[in-house]
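What follows is the residue order along each chain.
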Amino acid sequence: MTLANAVICLSHLRWRFVRQRPQHLLSRCARDRTVFFWEEPIFDADVPRRAIDRTDDGVIVVTPHLVPDTSPAEVEATLRSLLDGMMVEQGITQPVLWYYTPMALPFTRHVRPRAVVYDCMDELSLFQGAPPTLTELEAQLLGRADVVFTGGHALFEHKRDRHANIHPFPSSVEVPHFARARQIDEEPVDQASIPRPRVGFFGVIDERMDLELIQAVAELRPDLHIVMIGPVVKIDPRSL
């Protein structure tokens, strides 16, 4: 069987980490197309393999498991082999390649896609621990992409001169999901003891957050209680 309408998304984010932009868009895309969400590898295997998991949204999550201490060159070759094997097994021909990270370009550049989408949701080169090759790989990806989206207007202004078909595509919210909060009659157990008024944040808590600003707000308004919900990554939780 040939699968001619597939989308292969190459992401630096885990599907089951935090529900955000990739999940919002690709779960909708999966209503009409077969969507494979290719995650970054996990180095915990005796032999290289792919783990495949189908979500309730119909997205097929593919997680490569590689051998620890594999060299960068071997990682690239192994990922290419695992991807090629998946395409053969699934009968994928000329997929749409949807990139969230330029770091996936080295093991996918040989694929003959129907179209290439680069959804630049963040300026990844500014992230802590960003690979030094990321900037050059992004330049190559911009040269291959048929269309580019940016995660906001500021990012669009920063990159608008680098592609002829680039569009600001700000993130939003899932209204039906958050509207359910209006139907909650009881306090959540983990917030019941926190006095009001409260200021809330929901999302990833990492090095991009202005902790000095939050501290200043707390000092200026000691009557406010700041509630932050989300995973803490790449910063010391004690700094909160």
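Numbering of residues starts from 1 in each chain and follows the order in which that chain's sequence is written. In keeping with the model being predicted, local features are shown solely for residues with a pLDDT of at least 70 and side-chain atom pairs are shown and tallied solely at 80 or more, while totals for entire chains, interfaces and linings include all residues. Side-chain descriptors were evaluated using all non-hydrogen atoms of the structure, hydrogens and water having been removed beforehand.

Caption draft 1: Spatial organisation of unusual backbone geometry. Along the chain, R196 connects to P197 via a cis peptide bond; the corresponding omega equals 0°. Per the convention used, a helix needs a DSSP run of H or I reaching at least four residues, while a strand needs a run of E reaching at least two, with both numbered from the N terminus. Secondary-structure assignment places P197 in the loop between α5 (175-179) and β10 (198-202). The phi torsion at Q94 lies on the positive side, around 45°, for a residue other than glycine. Structurally, Q94 can be placed in the loop between α2 (72-90) and β6 (96-99). Burial status follows relative accessibility: with a 1.4 Å probe on protein chains alone, a residue under 20% of its type maximum counts as buried, one over 50% as exposed, and anything between as partly exposed. The class of Q94 is partly exposed, set by a relative accessible area of 42%. With a phi angle near 65°, K234 is a residue other than glycine that sits in the positive phi range. Turning to its location among the elements, K234 is positioned in the segment after β11 (225-229). On the accessibility criterion, K234 (40% relative accessible area) is partly exposed.

Caption draft 2: Main features of the side chain of Q23. Locating Q23 in the fold gives a position in helix α1 (residues 21-29). The exposure class of Q23 is buried, given its relative accessible area of 2%. Contact between two residues is taken to exist if any of their heavy atoms lie within 4.5 Å; hydrogens are not considered. Setting aside residues up to four positions removed in sequence, Q23 forms contacts with R14, W15 and V18.

Caption draft 3: Inspection of the pattern of salt bridges at higher detail. Salt bridges are defined by distance alone: a side-chain nitrogen of Lys or Arg within 4 Å of a carboxyl oxygen of Asp or Glu. Applying the stated criterion across every chain, the model contains 19 salt bridges. Residues E39 and R14 are paired through a salt bridge, measuring 3.2 Å at the closest nitrogen-oxygen approach. One end of the pair, E39, is in the loop between β2 (35-38) and β3 (42-43); the other, R14, is in the loop between β1 (7-10) and α1, and 25 residues separate them in sequence. When its relative accessible area of 7% is taken as the criterion, E39 is described as buried. On the basis of relative accessible area, R14 is assigned to the partly exposed category, the value being 28%.

Caption draft 4: Representation of a nonpolar patch on the surface in the model. Every patch collects residues that have over 30% relative accessible area and no salt bridge, joining them within 9 Å if they carry like charges and within 5 Å if they are nonpolar side chains (Val, Leu, Ile, Met, Phe, Trp, Tyr). Note on areas: Shrake-Rupley, 1.4 Å probe, and residue coverage restricted to the protein chains presented here. On the surface, V173, V175, F178, F202 and I229 cluster together into a nonpolar patch covering about 500 Å² of accessible area. By the element assignment, F178 lies in helix α5.

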